[in-house]
Amino acid sequence: MIEDEESPAPGRTAANDNAAAGARIDKAVLILARLLGRQIAREDFARRRLAANDNRAPETDA
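Remember, it's a predicted structure, so these values are computed and weren't measured experimentally.

A word on the pattern of salt bridges
Now for step 1: Applying the stated criterion across every chain, the model contains two salt bridges.
Now for step 2: Between Arg-47 and Asp-44 there is a salt bridge; the shortest N-O distance is 2.5 Å. Within this pair, Arg-47 and its partner Asp-44 are both found in helix α2 (residues 19-52), separated by three residues, close to a single helical turn.
Now for step 3: Arg-48 serves as the salt-bridge partner of Asp-44, at 2.8 Å between the closest nitrogen and oxygen.

So this is what it looks like as structure tokens:
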């Protein structure tokens, strides 16, 4: 019976079953994406804040 040979025994997973590893990778990718998004937002906020403050004195070579 070919079906019995292809399916793993109860309580065991196939050697090529990457579902658990895939879930860990997906979680790690989402965490990384959130961190990168926050960093980009902080940089954008800082850039806009500097652009809004255009009344600064020009830098001089001292």
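Structural notes on a nonpolar patch on the surface
Now for step 1: On the surface, a cluster of nonpolar side chains totalling about 300 Å² of accessible area is made up of Leu-32, Leu-36 and Ile-40.
Now for step 2: Its location among the elements puts Ile-40 in helix α2.

Criteria and thresholds
Residues numbered from 1 in each chain as written. Predicted model: local features only at pLDDT ≥ 70, side-chain atom pairs only at ≥ 80, totals over all residues. Heavy atoms only, no water. Salt bridge = Lys/Arg side-chain N within 4 Å of Asp/Glu carboxyl O. Helix = DSSP H or I, 4+ residues; strand = E, 2+ residues; numbered from the N terminus. Patch = residues over 30% accessible without salt bridge, like charges linked within 9 Å, V, L, I, M, F, W, Y side chains within 5 Å. Areas by Shrake-Rupley, 256 points an atom, 1.4 Å probe, with all protein chains shown as cover.

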